[in-house]
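Understanding the architecture of this molecule
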Amino acid sequence: MINNDNMISLQMLRPKMDDDNHRDDSDKDSGDGADRRETGLMLKVRPKTRKPSMYKVVLLNDDFTPMDFVIHILEKFFNKTRAEATDVMMHVHRRGVGVCGIYTYEIAETKVSQVMDYARTHEQPLQCTMEKD
Ligand code: TYC
């Protein structure tokens, strides 16, 4: 019932009618390529979809932002538990940079803005940015 292009036609979707089996031959496929009840509208069975690119939201280390403030940010904006937040914060503290989460472009952009606004409001120099995964 499915052709080579993975397409189905409305004809294929039409519910089977009671009289389908004893209709006169003029309604059946004559083999001449002319499908007489074909509407021409084709629907894709598997429409092509693409996975969105993903982006890491990362925190950068600095010498001034208090550790507890960074832990609070990770809990508040990245839904980390206290233990997870502490691990990420210590990773950033020791290594200079660390991943808070991985999101689609718009979500990542929003997280970066929220963190930067929050840090600025609280007069902390904390830096948050995003990079393609
Ligand atoms: N290095 C900071 C301190 O010792 C803590 C810190 C951790 C700051 C992570 C920023 O992204 C950061 N107080």
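The sections below set out a description of the structure shown in this document.

Calculation rules
- Residues numbered from 1 in each chain as written.
- Predicted model: local features only at pLDDT ≥ 70, side-chain atom pairs only at ≥ 80, totals over all residues.
- Heavy atoms only, no water.
- 1 Å grid on protein atoms, 1.4 Å probe; cavity = no way out; pocket = protein on both sides within 12 Å on 5 of 7 lines; lining within 4 Å.
- Points joined across faces, edges and corners; volume = space filled by probe spheres on them.
- Helix = DSSP H or I, 4+ residues; strand = E, 2+ residues; numbered from the N terminus.
- Nonpolar A, V, L, I, M, F, W, Y, C, P; charged D, E, K, R; others polar.
- Buried < 20%, exposed > 50% of the residue type's maximum accessible area, 1.4 Å probe, protein only.
- Lys, Arg positive; Asp, Glu negative; His and termini not counted.
- Salt bridge = Lys/Arg side-chain N within 4 Å of Asp/Glu carboxyl O.
- Polar contact = N/O pair within 3.5 Å; in protein donor to acceptor, adjacent residues only side chain to side chain.
- Core = buried A, V, L, I, M, F, W, Y, C linked by side-chain atoms within 4.5 Å.
- Near = heavy atom within 4 Å.
- Sits in = over half its atoms within 2 Å of the grid points.
- Expected span 1.5 Å × (residues − 1).

1. Digging into the layout of surface pockets
What the second largest pocket holds in volume is close to 150 Å³. Contributing to the lining of the second largest pocket are 13 residues, with Asn-61, Asp-62, Thr-65, Val-70 and His-93 lying nearest its centre. Breaking the lining of the second largest pocket down by element, the ones donating at least two residues are strand E3 (54-60), helix H2 (67-78) and helix H3 (82-95). Broken down by element, the residue count for the lining of the second largest pocket peaks at 3 residues, all from H3. Considering only residue class, the lining of the second largest pocket consists of 8 nonpolar, 3 polar and 2 charged.

2. So, the side chain of Asp-62
Mapped onto the elements, Asp-62 comes out in the loop between E3 and H2. Among buried Asp, Glu, Lys and Arg side chains, Asp-62 stands out as unpaired, with Arg-120 the closest opposite charge at 13 Å. A polar contact is formed between the side chain of Asp-62 and the backbone nitrogen of Phe-64, at a distance of 2.7 Å. A distance of 2.6 Å separates a polar side-chain atom of Asp-62 from the backbone nitrogen of Thr-65.

3. Details of the nonpolar core
Among soluble globular proteins, nonpolar side chains are generally buried collectively. With 24 residues, the main nonpolar core has Val-57, Leu-59, Ile-73, Leu-74, Phe-78, Val-115 and Leu-126 as its most contacted residues. Mapped by element, the contributors of at least two residues to this core are E3, H2, H3, strand E4 (97-104) and helix H4 (105-121).

4. Describing the site of the ligand
Lining the immediate environment of the ligand, one finds Leu-59, Leu-60, Asn-61, Asp-62, Thr-65, Met-67, Val-70, Met-89, Val-92, His-93 and Leu-126. With respect to the ligand, the backbone of Thr-65 contributes an N or O atom lying 2.9 Å from a nitrogen atom. A majority-of-atoms criterion places the ligand in the second largest pocket. Of all the secondary structure elements, the ones that give two or more residues to the shell around the ligand are E3, H2 and H3. By residue number, the principal contributor to the shell around the ligand is H3, which donates 3 residues.

5. Digging into H2
Its 12 residues place the ends of H2 16 Å apart at the C-alpha level, agreeing with the 16 Å of an ideal helix rising 1.5 Å per residue. Among the residues making up H2, those that are buried are Phe-69, Val-70, Ile-71, Ile-73, Leu-74, Phe-77 and Phe-78. Just downstream of H2, Asn-79 is the residue with a positive phi angle, here 55 degrees.

6. Observations regarding the pattern of salt bridges
If you walk through the whole model with that rule in mind, you get 2 salt bridges. When the shortest N-O distance is used, the salt bridge between Glu-75 and Arg-82 registers 2.5 Å. Arg-120 is the partner of Asp-117 in a salt bridge, and the nearest nitrogen-oxygen pair spans 3.2 Å. Note that Asp-117 and Arg-120 are positioned in helix H4 at a spacing of 3 residues, about one turn of the helix. Taking relative accessible area as the criterion, Asp-117 reaches 41% and is therefore assigned partly exposed. Judged by relative accessible area, which is 54%, Arg-120 ranks as exposed.

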